Amino acid sequence: MNILGINAYHGNSSAAIISDGRLVTAVEEERFNRVKYAAGFPAQAISHCLSEAGLTIQEVDHVAVPRNQWARLGTKLYYAMRMPRFAIERARALKRFSGIHEELARTCGVDPAVIRPQYHRVEHHVAHLASTFFVSPFDQAAVLSADGLGDFASTMWATGQGNHLKVHGSIAFPHSLGLYYTAISQYLGFWKFGDEYKVMGLAAYGSPGFKDEFRRIVLESANANGIGFKLGLQYFTHHRDGPEMTWRDGSKTPVLGRLFSPYLAQRLGAARVPDQPLEQKHSDIAATLQAVLEEAYFAMLNALCRNTGQKAICLAGGVAFNCVANGGIFEHTPFTDVYVQPAAGDAGLAVGSAYYVYHQVLGQPRAFVMDHAYWGPQYTPEQIAKAVAASDAANRDCKIARLAEDELLRTTAAHIADGKVVGWFQGRQEWGPRALGNRSILVDPRRAEMKDILNARIKHREPFRPFAPSILEEATGDYFEQSSPSPFMNLAYRVRADKRDVIPAPTHVDGTGRLQTVSRRTNLLYWSLIREFQRLTGVPVLLNTSFNENEPIVLKPEEAIDCFLRTKMEVLVVGNHVIQKPPQAPEPRPTFDSPTPPVPHARRSE
């Protein structure tokens, strides 16, 4: 049985295919069209899925789409009458979704009459719930989805048991923790789609001194079971005008209109203009934003734990990318096990809708656990060799060597230990937004200056944003105060006090690290590289950041080579090829013209 899941006409458009209950592949459209968070129809992602599965579209039995036009119909009609412009946009979206069959046929180059899968409309948050529980290692668990908005809901919770999800409740538009976080991010001058994670990093530089005001922005409003919240709507505009979103054009990054009202600026002061210098006040507002999100988040999780009696929690939705909040679950709730799949945001809806159909609709038993993120495209040694030979590397006096695996690992670890910036391109691409050791840029975590060097030479991003440590899974408890695995970089743990000077580069100003625990079982090559670095240095950690330069993570070997050549990366390891640039004159320590936060200090917990 073959099921194709499609997240279309929404940010992070994507596709996934499962055959007889096993995930074959999953990939975001942005990796092909090179547009960050691409919306539109994921034609190239679908083509890849079918090719990887060895299927034609005629062999697909079911197509699952994470959008249900009938969900909360009364709420939709109510707001349609109040906001005609928003109603027109919803009508356009419905028209696009009604044409998916024809678009699918066009993508596959066939007559619509020859493809006859059964189509399933799965509600947005139900698909989120399914995307995490049905691929988790738990037979039973509490499940929570929280994001901005989908099918006119922002939050949903359930219990998962075996191959069944039982939904217990939801929170409808206009109340949304996701929209709350986005609105305050906009107020702080971070307007780009997906900028919320930047503000999460900025929060560590401030103290939550605006809690009294923010507790009027996010209000306690529990239902009979103790779960829930409300927004102080006078601080927002989306309930009056509709959240302005542009999802139609897959060739452009989605855009969100302004979400905060003049009243917010009246209460907090003038909004920051993008590129204006950051002041301590901005860091303090970011810290308060994060602290109040955590209050609401932990309150829901504690109530969910009490109501369900479960000890394991599965999380999904954009809020589940808040690794700082996730890292606090063990301390602030009774849950003992946490699972967040690598594409917890809307890209994951493709997987979730497909597994919902397989288990909940068709009643099939579970037999799959997503214990790694390597579900994207891969390239053969021949394809990589061809890309290297066709590149301009030799013409730039680069040294190119093709090495056996043991020598490759020793050479790469030595380059990293020597302070070089190394691009690492191996195997199948990661599913989700994080580079997890197959499309990564790697540096020595012992060198505090590496954070600034990466920003100056390659990433060109705000200097207050932290980088992530990859650590051998078995060494986690030696370096962090928690030892539970975090294979997908979705949890931040406090670095042990005696280790902060050992790995200063990926340790954030508040003493935490958004870590990736690397398992020998799921990524032997990357595990072996870290182990070789440990043999050389005594440290079982690498600093890992995504292989890109203000673009989606590189997909093809040609893109990896191009990124390597146009930036100041010094070494590229692509497959079993090592490409090294000729020695350059030493550079002065980097300085930044971009906005920087005030002198760092750790965020106080209150």
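Read on for an overview of the structure.

Let's shift gears to the pairing of strand 13 (residues 312-316). The element strand 13 is extensively covered by neighbouring structure, given that five of its five residues are classed as buried. Burial along strand 13 is two-sided: the residues Ala312, Cys314 and Ala316 and Ile313 and Leu315 are all buried. In this structure, strand 6 (residues 140-150) lies alongside strand 13, joined through four bridges in parallel fashion. Each residue of the ladder has a partner; that of Ser145, found in strand 13, is Ala316.

Along an α-helix, a turn takes 3.6 residues, which lines up residues three or four apart on a common side. Of all ten residues in helix 18 (residues 450-459), nine are buried, a share of seventy percent or more. Taken as a whole, helix 18 has its buried residues at Met450, Lys451, Asp452, Ile453, Leu454, Asn455, Arg457, Ile458 and Lys459. Against strand 17 (439-443) and strand 22 (541-546) lie the buried residues of helix 18. Following helix 18 by one or two positions, His460 has its phi on the positive side, about 50 degrees.

Take the sheet that holds strand 14 (residues 337-340) next. Pairing in this open sheet of five strands is mixed, and the strands run 8-7-6-13-14 from one edge to the other. The two strands at the open ends of the sheet, each matched to only one other strand, are strand 8 (164-172) and strand 14. Recorded for the sheet is a direction-independent mean angle of 20 degrees between the axes of neighbouring strands. Packed onto the sheet, helix 12 (residues 280-308) meets strand 6, strand 7 (153-161), strand 8 and strand 13 and runs at close to 145 degrees relative to strand 6.

Helix packing for two helices is described by the angle between their axes and how far apart those axes are. For the pair helix 17 (residues 405-417) and helix 20 (residues 524-537), interaxial distance at closest approach is 9 Å and the crossing angle is 55 degrees. Here helix 17 is positioned oblique relative to helix 20, judged by the angle of their axes. Between helix 17 and helix 20 lies a crossing of right-handed hand. Contacts from Glu405, Leu409, Arg410, Thr412, Ala413, Ala414, Ile416 and Ala417 in helix 17 reach Leu525, Ser528, Leu529, Glu532, Phe533, Leu536 and Thr537 in helix 20. Class assignment for the residues of the contact of helix 17 with helix 20 results in nine nonpolar, three polar and three charged.

About the cut-offs
Residues numbered from 1 in each chain as written. Predicted model: local features only at pLDDT ≥ 70, side-chain atom pairs only at ≥ 80, totals over all residues. Heavy atoms only, no water. Buried < 20%, exposed > 50% of the residue type's maximum accessible area, 1.4 Å probe, protein only. Helix = DSSP H or I, 4+ residues; strand = E, 2+ residues; numbered from the N terminus. Pairing = 2+ DSSP bridges. Contact = heavy atoms within 4.5 Å. Axes fitted to C-alpha atoms, helices over the stretch in contact; angles between N-to-C directions. Parallel < 35°, antiparallel > 145°, perpendicular 65-115°, else oblique. Left-handed = near helix turned anticlockwise from the far one by under 90°. Nonpolar A, V, L, I, M, F, W, Y, C, P; charged D, E, K, R; others polar.

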